[in-house]
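# Commentary on secondary and tertiary structure
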Amino acid sequence: MTNKILVYLDHFHGKAQPSSWEALGLAVRIAADTGGEAAALILGDNVQELAGLAFQYGAGQVFLAENPDLKDFRPEILADVIKAAAEEYQPELMIFPTTTRGRTLAGMAAVDLDTGVMVDVIDLDWEGEQIRATRPIYAGKLLAKLQCSSTPQIVTLRTRAFDKPEPDASKSGTATHLDVKIDSAAAQTKVLDIQEKASGVSLSDASVIVTGGRGVALNAKLEAPADLDEAAAEIWKAQQGFALIQKLADVLGAAVGASRASVDAGYIEYDHQVGQTGKVVSPDLYIACGVSGAIQHLAGMRSSKVIVAINKDPDAPIFSFARFGIVGDMHEILPPLTEELKAYLAG
Ligand SMILES: Cc1cc2nc3c(=O)[nH]c(=O)nc-3n(C[C@H](O)[C@H](O)[C@H](O)COP(=O)(O)OP(=O)(O)OC[C@H]3O[C@@H](n4cnc5c(N)ncnc54)[C@H](O)[C@@H]3O)c2cc1C
């Protein structure tokens, strides 16, 4: 029986990652089914507002540790506080969202608390004594069922694999402040500078993703400016291809993804890479343009609800996984498709 569930709420300077609410929503459902309690753990500086939101998202209890040393992501300090909170609250289950920070801290918590961690979980079954977690393995070809024989059982949840609950503004509560000792000097990590990136839809949280593969640069009808050498001309062509992808993404409120071939060729930054060595995404709609569908790419997106592929090769493997396929040149297909969708969504 899972009586106490502790959810780590991942946030950046007080702004929660949507996947944190997905994790809390799951904890609330398990608690309701098992007669247990879902508690939220928030670490940071000036994060009172988040505590209020956690109650609105259904937390029965909120533990808050506020300190200027907890403002930035310094894993050693945060892990110490998580350990102290877990030792005090004694949860049977701890849930972390699968953000980069959440994944790091879940691993550290498992070591500190001498237990196991089940990562990238897409389904949880909580009948009986223990949690049974499901996670994709071998690039998503198989699903593994996992159990953790020690407590607390720790899981990280794949983003968007679980529903995000609706907040209830009528709910409130009083957070419990944790009195934690922070040994800032002992931490090996110092945050020197934070540079904010130009805003855009986050790949991990996006419900729609438009992705460009190597095909973005393969536009036979487009002439690059004559003064560019071959390598620069390829990048220039890729930029024109990604501009088409961005236009469609803007119309759909989507994030822009990329294959590793696009990233390795320097067409777009690594942040956009989807796949085994990039981000794992599960949007409602994934539009793959000029992407062949290599197994390493599929590992990052095959759990998308609807996959649309645009590829000029009718035998491209991506078509075996796509619900809808368009055989043709993405550079010719994207402009009218974008216009049609824009008109459709406008009216
Ligand atoms: C250890 C390891 C990890 C990896 N991790 C990743 C990862 O995380 N993510 C990832 O994506 N890959 C990863 N890869 C690389 C992967 O194996 C593929 O090489 C890569 O996914 C191919 O990218 P692509 O589909 O863009 O390019 P290609 O395989 O070259 O495919 C391009 C596609 O575009 C089509 N095309 C060409 N021109 C047009 C056009 N004008 N219009 C429409 N279609 C067109 C072609 O028909 C082709 O199908 C990894 C590989 C290894 C070994």
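What comes next concerns the included structure.

Calculation rules
Residues numbered from 1 in each chain as written. Predicted model: local features only at pLDDT ≥ 70, side-chain atom pairs only at ≥ 80, totals over all residues. Heavy atoms only, no water. Patch = residues over 30% accessible without salt bridge, like charges linked within 9 Å, V, L, I, M, F, W, Y side chains within 5 Å. Areas by Shrake-Rupley, 256 points an atom, 1.4 Å probe, with all protein chains shown as cover. Salt bridge = Lys/Arg side-chain N within 4 Å of Asp/Glu carboxyl O. Helix = DSSP H or I, 4+ residues; strand = E, 2+ residues; numbered from the N terminus. Near = heavy atom within 4 Å. Polar contact = N/O pair within 3.5 Å; in protein donor to acceptor, adjacent residues only side chain to side chain. 1 Å grid on protein atoms, 1.4 Å probe; cavity = no way out; pocket = protein on both sides within 12 Å on 5 of 7 lines; lining within 4 Å. Sits in = over half its atoms within 2 Å of the grid points. Nonpolar A, V, L, I, M, F, W, Y, C, P; charged D, E, K, R; others polar. Buried < 20%, exposed > 50% of the residue type's maximum accessible area, 1.4 Å probe, protein only. Core = buried A, V, L, I, M, F, W, Y, C linked by side-chain atoms within 4.5 Å. Contact = heavy atoms within 4.5 Å. Phe/Tyr/Trp six-rings, centres within 6.5 Å; stacked < 30°, edge-to-face > 60°. Lys NZ or Arg CZ within 6 Å of the ring centre and 35° of its normal. Points joined across faces, edges and corners; volume = space filled by probe spheres on them. Pairing = 2+ DSSP bridges. Axes fitted to C-alpha atoms, helices over the stretch in contact; angles between N-to-C directions. Parallel < 35°, antiparallel > 145°, perpendicular 65-115°, else oblique. Left-handed = near helix turned anticlockwise from the far one by under 90°.

## Quick word on a nonpolar patch on the surface
On the surface, Phe 12, Val 191 and Ile 194 cluster together into a nonpolar patch covering about 210 Å² of accessible area. Considering the arrangement of structural elements, one finds Val 191 in the loop between β12 (176–177) and β13 (208–212).

## Looking at the site of the ligand
Around the ligand, the surrounding shell holds 26 residues, and the nearest of these are Arg 214, Ser 259, Thr 277, Ser 292 and Gln 296. Taking Leu 218, its main chain carries an N or O atom lying 2.9 Å from a nitrogen atom of the ligand. A distance of 2.6 Å separates an oxygen atom of the ligand from a polar side-chain atom of Ser 259. Here the ligand loses 78% of its free accessible area of 980 Å² to cover by the protein chains. A molecule is said to occupy a pocket when more than half its atoms come within 2 Å of that pocket's grid points, and by this definition the ligand occupies the second largest pocket. Every element with two or more residues in the shell around the ligand is listed here: α6 (260–264), α7 (295–301) and α8 (330–346). Residues belonging to the shell around the ligand are distributed by class as follows: six nonpolar, 15 polar and five charged.

## Considerations on the pattern of salt bridges
A complete count under the given rule lists nine salt bridges for this structure. With a shortest N-O distance of 3.8 Å, Lys 83 and Glu 87 are connected by a salt bridge. In this pair, Lys 83 and Glu 87 are both assigned in helix α3 (residues 75–89), four residues apart and thus about one turn of the helix distant. Exposure remark for Lys 83: the relative accessible area of 29% places this residue in the partly exposed category. Asp 284 serves as the salt-bridge partner of Arg 160, at 2.9 Å between the closest nitrogen and oxygen. Here Asp 284 lies in the loop between α6 and β15 (285–289) and Arg 160 lies in the loop between β11 (153–157) and β12, a separation of 124 residues in the sequence.

## Looking at the nonpolar core
One broad trend across soluble globular proteins is that nonpolar side chains are buried collectively. Of all hydrophobic cores here, the largest spans 36 residues; its most connected members are Ile 42, Ala 54, Val 62, Ile 95 and Leu 124. Elements that contribute at least two residues to this core include exactly β1 (4–8), α1 (18–34), β4 (37–44), α2 (48–56), β5 (61–66), β6 (93–97), β7 (117–121) and β11. Here this core gets seven residues from one element, more than from any other, and that element is α1. Setting aside residues no more than four positions away along its own chain, Ala 54 makes contact with Leu 9, Trp 21, Leu 24, Ala 40, Ile 42, Ala 59 and Val 62. In terms of nonpolar packing, the next biggest core, distinct from the first, is built from 26 residues, Leu 6, Leu 43, Ala 79 and Val 81 among them.

## Considering the packing of aromatic side chains
This model, assessed by the stated rule, comprises three aromatic pairs. Note on Tyr 8 and Phe 96: the rings are 5.5 Å apart at their centroids and 25° apart in plane angle, and the pair reads as stacked. Of this pair, Tyr 8 sits in strand β1 while Phe 96 is found in strand β6, placing the two residues 88 residues apart along the sequence. Phe 96 carries the same exposure label as Tyr 8, and that label is buried. Aromatic side chains Trp 21 and Tyr 57 sit 4.2 Å apart centroid to centroid with 10° between the ring planes, which places their arrangement in the stacked category. Here Tyr 57 lies in the loop between α2 and β5 and Trp 21 lies in helix α1, a separation of 36 residues in the sequence. Trp 21 sits in the buried class, given a relative accessible area of 5%. Taking the ring centre of Tyr 89 as reference, the NZ or CZ of Lys 4 above it sits at 4.9 Å.

## Concerning the layout of surface pockets
By volume, the second largest pocket is sized at about 350 Å³. Lining the second largest pocket are 26 residues, with Arg 214, Gly 215, Gly 290, Val 291 and Ser 292 positioned closest to its centre. When residues of the lining of the second largest pocket are traced back to their parent elements, those giving at least two are α6, α7, β16 (306–311) and α8. For the lining of the second largest pocket, the class distribution of residues is seven nonpolar, 15 polar and four charged.

## Digging into the sheet that holds β13
Read from one edge to the other, the open sheet built from five strands follows the order β14-β13-β15-β16-β17, with strand pairing classed as parallel. Both outer strands of the open sheet, β14 (255–258) and β17 (324–327), are each paired with one neighbouring strand and no more. Strand after strand, the sheet turns through a mean of 15° between neighbouring axes, direction not considered. Across the sheet, α8 touches β15, β16 and β17, and the angle it forms with β16 is around 130°.

## Side note on the environment of Ile 287
Mapping Ile 287 onto the fold places it in strand β15. The class for Ile 287 is buried, based on a relative accessible area of 6%. Separated by 30 residues in sequence, Ile 287 and Gly 257 have C-alpha atoms that sit 9.2 Å apart.

## Focus: the packing of helix α5 (residues 230–252) against α8
Running from amino to carboxyl end, α5 crosses α8 at an angle of 15°, the nearest separation of the two axes being 9 Å. Taken together, α5 and α8 sit at an angle that is classed as roughly parallel. Read as a crossing pair, α5 and α8 show a hand that is left-handed. Each of Gly 241, Leu 244, Ile 245, Lys 247, Leu 248, Val 251 and Leu 252 in α5 lies in contact with α8, whose residues at this interface are Met 330, His 331, Leu 334, Pro 335, Leu 337, Thr 338, Leu 341, Lys 342 and Leu 345. For the contact of α5 with α8, the per-class residue count stands at 11 nonpolar, three polar and two charged.

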